[in-house]
Amino acid sequence: MKNPFNYLQFATGDGFYDRREIRADLRSRFLSGQTNVVLYGPRRYGKSSLVAELISDLEKEGVQCVSIDVMKTPTIDLFVSAYVSKIYKKLAPVKFEFKRLGEFLKSLRFKMTIGADGEPGLSMESAQSRIGPETLEEVLDLPRRLVSANKRAVIVLDEFQEVEELLSDGQFERTMRSVIQRHRNISYIFLGSRYHMLRRMFTDRNRPFYKSAIAIMLDKPPFEESLDFVVSRFESCGKTIPRQVAGQLVQKIDNIPYYIQQLGFEVFRLVDDAKRKVVSSDDVEAAYRLLSGFNRDQYEQLMLTFSGAQKKLLIALAHEHTREFDDAYRSRYLLGASSTVNSAKKILIEYGHIECTEGKYCVADPYFARYLRGD
């Protein structure tokens, strides 16, 4: 029987839940006119799944959508090559002649290619070490040249915070900000996993993207909606999970959408292999222990990268979430001076190892927290 939970791909269709209001609001905004959106949120909260569902909605309405993962283009050459190829493939009109690209991209030379899937694409003929703000401006303005005035397009830039590494001294941000101001029928969605860096890009008044997009923070879904989702997923395959047991499942992994899908997948597999129809509390515990053990080697390697102060702070938060690191808390877990804790906290937040949700600091990965506790 096909497992009703999915954590290896974007959760779409029946596997997607909550976010209905945000999804409807964004759909309306993008259909009604130019809107730029920056979507914040910790890892595993469902940002990418939400955007995938939104793109599906928009494309049904005739909006052309392009997605680019900046993390996969770590140099300016790779970014430019991927950007031009994807923009051309998705946005160029049917009768557009390839040779006309030269009119828009005067500083670069591209050639037609055929991918492993048999689909045509583009690639730069050679590395372009001279790529700077002027050339980048030509590249980023390509969507405006290709999308006709009576059409709409949305460009998704995932892991957008990584553009800081593509050109020095903030040149990429300044160039892109000046270009997209001219794009009247093209909208942009910015998202990324290092959301504190991303948030600074759009809220720091000294950064080019300050107040250039509607900021939306993606929190955890309502607990009851997560329960309903878990119950309905088992029911869709003829199995029953008592609501109390579903609550146990959701609580185990702190109501984080990705981990709900992952733990639900493993619980369903155990129950289905045993040819049983009803999920028990023991099934949830067994699946949780199994998943916790899968990443043990990874966690052991990860611990080698932390300083002593960072390790102590992680272990403290794995045992006890907190709103503030006051004298009593620091004394209880031997964390040392407030300045030491703040320095460790800043770095761990920056890289997504800890986060502040509902006003409390905690370890972001519930399985890592279990490893830290030694359960």
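Higher on the page you've got the structure.
Because the structure is a prediction, the values reported are computed rather than measured. (Residues numbered from 1 in each chain as written. Predicted model: local features only at pLDDT ≥ 70, side-chain atom pairs only at ≥ 80, totals over all residues. Heavy atoms only, no water.)

Describing the overall build of the chain
For the chain, the count of helices and strands is 17 helices and 9 strands. Expected size for 375 residues packed as a compact globule is a radius of gyration near 21 Å; at 23 Å, the chain falls within 12% of this value. With respect to the principal axes defined by its C-alpha atoms, the chain has extents near 65 × 55 × 35 Å. Out of the 375 residues in the chain, the part that is buried amounts to 51%. (Helix = DSSP H or I, 4+ residues; strand = E, 2+ residues; numbered from the N terminus. Rg over C-alpha atoms; globule rule 2.2 N^0.38 Å. Buried < 20%, exposed > 50% of the residue type's maximum accessible area, 1.4 Å probe, protein only.)

Looking at helix α14 (residues 308-319)
For an α-helix, 3.6 residues make a turn, and residues three or four places apart therefore share a direction. For α14, spanning 12 residues, the distance from its first C-alpha to its last is 17 Å, which sits close to the expected 16 Å at 1.5 Å a residue. Taken together, the buried positions of α14 are Gln-310, Leu-313, Leu-314, Ala-316, Leu-317 and Ala-318. Where α14 is buried, its residues meet α15 (327-332), α16 (338-350), β8 (354-357), β9 (360-363) and α17 (366-373). (Expected span 1.5 Å × (residues − 1). Contact = heavy atoms within 4.5 Å.)

Looking at the packing of α14 against α17
The interhelical angle for the contact between α14 and α17, taken along N-to-C directions, is 105°, at an axis separation of 8 Å. In this view, α14 runs roughly perpendicular relative to α17, as classed from their interaxial angle. In contact with Leu-314, Ile-315, Ala-318 and His-319 of α14, α17 contributes Phe-368, Ala-369, Leu-372 and Arg-373. Counted by class, the contact of α14 with α17 contains 6 nonpolar, 1 polar and 1 charged residues. (Axes fitted to C-alpha atoms, helices over the stretch in contact; angles between N-to-C directions. Parallel < 35°, antiparallel > 145°, perpendicular 65-115°, else oblique. Nonpolar A, V, L, I, M, F, W, Y, C, P; charged D, E, K, R; others polar.)

Some remarks on the environment of Ala-328
For Ala-328, the location among the structural elements is in helix α15. For Ala-328, a relative accessible area of 44% translates into the label partly exposed. Sequence separation of Ala-328 and Gly-264 is 64 residues, and the distance between their C-alpha atoms is 38 Å.

Looking at the pattern of salt bridges
This structure, assessed with the given rule, holds 23 salt bridges. Put simply, Asp-283 and Arg-276 hold a salt bridge, and the shortest N to O gap is 2.7 Å. The exposure class of Asp-283 is buried, given its relative accessible area of 7%. Taken together, the salt bridges that share partners define one network made up of Glu-137, Asp-141, Arg-144, Arg-145 and Arg-182. (Salt bridge = Lys/Arg side-chain N within 4 Å of Asp/Glu carboxyl O.)

Observations regarding helix α8 (residues 195-203)
All of the buried residues in α8 are Tyr-195, His-196, Met-197, Leu-198, Met-201 and Phe-202. Buried residues along α8 sit in contact with β1 (36-40), α7 (171-180), β6 (186-191), β7 (214-217), α16 and β8.

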